[in-house]
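Per-entry structural report
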Amino acid sequence: MDKRGFLFTIISLIMLISILAFVIAYQNRIKELQDADTVNILRYYEDDIVSNSYSDLMDINVVNISKKTNTLVNFSSLGKYALDRDNQGIMNNYRNFIIDNYSRLNNINISMDNFVPEFYVKPYNSKFSLGTGSLTVLNPNYTQIQRINIDVTVNETLDAGTAVIPSADPGKITINVRFIRRSSKEILYSQEKDQDPTEVNPEFKLPFRSDPPNPTEVSSVSVKFGNYGTDGMLMISTSSLEGEITRFEIYYDNSDSRTIIDTGANLKINDKSSDIILAQQ
Amino acid sequence: MEKIGLRKNRKGLIFTIDAILAILATIMILISVYSIFSNSHFNSENNDLNKIALDSLTVLEKNDYLDQSVSGNLTMINNFLAALPSNICGNISVYYQDKGIITSSKKPGCLISDNVVVTRRAFVFEHKTYFAKMEVSYG
């Protein structure tokens, strides 16, 4: 009898331990599912904020980054410039909404650092700053630039005045500039000149004025490249009109590293941090 | 007499061990039952609804349908909601930051139940920040 009882007890125990093992496995599976779900949701929030926000806010569209005999970084849109457009204010507004309202509504912690209207083309370290009325591009490694093509489409109805055309520095960096009227799509100005990045070159400029002339009705758009504080600086400016850069192509010497357009901004959701990258090769 | 006493002691020992084992078995069963029912908050149905809502808002934003809704064109959002599976009801509302609702669309002939899943997505249109809220439930 004792032996039978002992055997019965052992069998019961084995069955109970099996049930316990099953419960532990079930618990682990549930935890894995919950963890995967949390990761998916955090990825969704990250995609929501990172994917298009910067380019939508700044009107930037990267066509491609191609590498053949040289590296081309090609934009079909590179911002709008007018005195009444506050790019930093637009970005601050978005950032404040995400940090304050969006994070509260979704019950997550979000922080955004260095969310400013600037970005870098790496590894060349060209720094693009989208200001009020102007775009500035600093090129510390200007020796790697081969050519820049720029189209600025202007929202201006006044007649075009006398165009200003810079002199050429043969053998240096080629700058191609076109100014286009938005309403008629007419190319008002088209010039291509080699420019020395270490000199203070005259600008590519097109003024507009009423006919007959009225001192209060004047505006202009201009591009200058050279040493304006630092060597290899490019500046696209508008005065009393809205200009939109509708083509910006910059050709660099090929580099061993992958080309990346990096805003330098950082997003942190709960404990997960990610960089805001506009495009990469 | 001694033999009888030893036999009684042995029986008592086995009885005690059995009692301990029975208590252990009861504890195991209680833990197992508690563990299984404590996970009842992990609702796979809600999880599926959540995925549907997240995917829907992503698709609507990437296709610029949310932008269109700000301009007053709700055709694509209405078409999207109408194309949801027949057992799923959905509402989509668009807000301008925290300043109130701009547009609202719902799947026709469908009422959101109490067991609703809510997701949100921010988007930018003409340099202004908006967000869309989607509510989904089984209908």
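These numbers come from a predicted model, not from an experiment.

Here we look at the overall build of chain A
- Regarding its fold elements, chain A presents three helices and 17 strands.
- Taking 2.2 N^0.38 as the reference for a compact globule, 281 residues should give roughly 19 Å; the C-alpha atoms of chain A span a radius of gyration of 29 Å, well beyond that estimate.
- For chain A, the C-alpha atoms occupy an extent of roughly 120 × 40 × 35 Å along the three principal directions.
- Looking at chain A as a whole, 30% of its 281 residues are labelled buried.
- A fraction of 66% describes how many contacts in chain A between residues 6 or more apart in sequence connect residues 24 or more apart.

Here's the deal with the interface of chain A and chain B
- In this complex, chain A contributes 29 residues to the contact, which on the side of chain B involves 21 residues.
- At the level of elements, α1 (2–50), α2 (53–58) and α3 (87–106) of chain A are the ones that each hand at least two residues to the side of chain A that touches chain B.
- When residues of the side of chain A that touches chain B are assigned to their parent elements, the largest contribution, 17 residues, is made by α1 of chain A.

A few points about the nonpolar core
- Judged by nonpolar contacts, the single largest core of 76 residues is most densely connected at Leu135, Ile150, Val152, Phe179 and Ile245 of chain A together with Ala53 and Ala132 of chain B.
- Excluding residues within four positions of it along the chain, Ile245 of chain A makes contact with Ser77, Leu78, Gly79, Leu135, Ile150, Asp151, Val152 and Ile236 of chain A.

What about the environment of Ile52 of chain B?
Residues and elements named next belong to chain B.
- If you trace the backbone, Ile52 turns up in helix α2 (residues 44–62).
- A tally of 18 C-beta atoms within 10 Å means that Ile52 is categorised as partly exposed.
- With 84 residues separating them in the primary sequence, Ile52 and Val136 have C-alpha atoms 8.2 Å apart.

Looking at unusual backbone geometry
All names here are of chain A.
- The linkage connecting Lys122 with the following residue, Pro123, adopts the cis geometry, with an omega of 15°.
- Positive phi values are uncommon outside glycine, yet Asn107 reaches one of about 55°.
- Take Asn107: it is sitting in the loop between α3 and β4 (110–113).
- C-beta crowding within 10 Å serves as the criterion here: with 6 such atoms nearby, Asn107 is assigned to the exposed category.

Here is what the cut-offs are and how they apply
- Residues numbered from 1 in each chain as written.
- Chains lettered and ligands numbered in written order.
- Predicted model: local features only at pLDDT ≥ 70, side-chain atom pairs only at ≥ 80, totals over all residues.
- Helix = DSSP H or I, 4+ residues; strand = E, 2+ residues; numbered from the N terminus.
- Rg over C-alpha atoms; globule rule 2.2 N^0.38 Å.
- Buried ≥ 20, exposed ≤ 12 C-beta atoms within 10 Å, placed from the backbone.
- Contact = placed C-beta atoms within 7 Å.
- Core = buried A, V, L, I, M, F, W, Y, C linked by C-beta atoms within 7 Å.

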